[in-house]
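Summary of structural features
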Amino acid sequence: YTPDRMYNWGVWTTRIFVRDSFKSLFPDRAEEIEAKIDPGEYGIESYYLRIVCCFLYVIGLWPDLSGSWDILSLLANVPTKAEPWIIPRPGWKEIVEKQAGTDD
């Protein structure tokens, strides 16, 4: 971005409108109009406002980022060879026998 080509929203849209109007009036000279009429750039000059805009953008993407992290975690933790993936806790046989005995 260059500060001398930076315009606020109203000026920038007016410059775009003028360029597009010339192109519709003179369609045979569209390439020349595009080369000679520069509408400039629209942007925010405040550093803190840019930070706020980036923060809001990331907040909007947060569910996608979270989902991507969950998929990466799943892929990293899925076993890649034939091995048991459920590891019983110590004393699991006694718990199973106790529960089986209470059902009688």
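All values reported here derive from a predicted model rather than from experimental measurement.

**Digging into helix α1 (residues 9-25)**
For an α-helix, the turn length of 3.6 residues means that residues three or four places apart are oriented alike. Between its terminal C-alpha atoms α1 stretches 24 Å, which fits the 24 Å expected from 17 residues at 1.5 Å a residue. N-capping of α1 is provided by Asn-8, with a side-chain oxygen placed 3.3 Å from the backbone N of Gly-10.

**Comments concerning the environment of Tyr-42**
Inspection of the secondary structure puts Tyr-42 in strand β2 (residues 41-42). Owing to a relative accessible area of 44%, Tyr-42 belongs among the partly exposed residues under this scheme. Not counting chain neighbours up to four residues away, the residues in contact with Tyr-42 comprise Met-6, Tyr-7, Asn-8, Trp-9 and Trp-12.

**Some thoughts on the pattern of salt bridges**
Counted according to the given criterion, the structure contains six salt bridges. Its salt-bridge partner being Arg-5, residue Glu-41 comes within 2.9 Å of it at the nearest N-O pair. Remark: Arg-5 occurs in the segment before β1 (6-7) and Glu-41 occurs in strand β2; sequence separation between them is 36 residues. Looking at Glu-41, the relative accessible area reads 25%, which means it is partly exposed. Its relative accessible area of 27% is what places Arg-5 among the partly exposed residues. In this structure, Glu-32 engages Arg-29 in a salt bridge whose closest nitrogen and oxygen atoms are separated by 3.2 Å. Looking at Glu-32, the relative accessible area reads 36%, which means it is partly exposed. Assessed through its relative accessible area of 41%, Arg-29 is described here as partly exposed.

**Here we look at helix α3 (residues 47-77)**
The largest bend in α3 amounts to roughly 50° and is located at Leu-61, with the proline Pro-63 lying one to four residues further along. Summarising burial for α3: zero of the 31 residues are buried, a small minority.

**Describing the packing of aromatic side chains**
Under the defined criterion, the tally for this structure stands at five aromatic pairs. Taking 5.4 Å as the distance between ring centres and 80° as the angle between the ring planes, the aromatic pair formed by Tyr-47 and Tyr-48 counts as edge-to-face. You can call Tyr-47 exposed: its relative accessible area is 58%. One aromatic cluster in this structure is built from Trp-9, Trp-12 and Tyr-42.

Calculation criteria
Residues numbered from 1 in each chain as written. Predicted model: local features only at pLDDT ≥ 70, side-chain atom pairs only at ≥ 80, totals over all residues. Heavy atoms only, no water. Helix = DSSP H or I, 4+ residues; strand = E, 2+ residues; numbered from the N terminus. Expected span 1.5 Å × (residues − 1). Polar contact = N/O pair within 3.5 Å; in protein donor to acceptor, adjacent residues only side chain to side chain. Buried < 20%, exposed > 50% of the residue type's maximum accessible area, 1.4 Å probe, protein only. Contact = heavy atoms within 4.5 Å. Salt bridge = Lys/Arg side-chain N within 4 Å of Asp/Glu carboxyl O. Bend = angle between axes of the 7 residues up to and from the residue. Phe/Tyr/Trp six-rings, centres within 6.5 Å; stacked < 30°, edge-to-face > 60°.

Shape descriptors only; they carry no functional weight alone.
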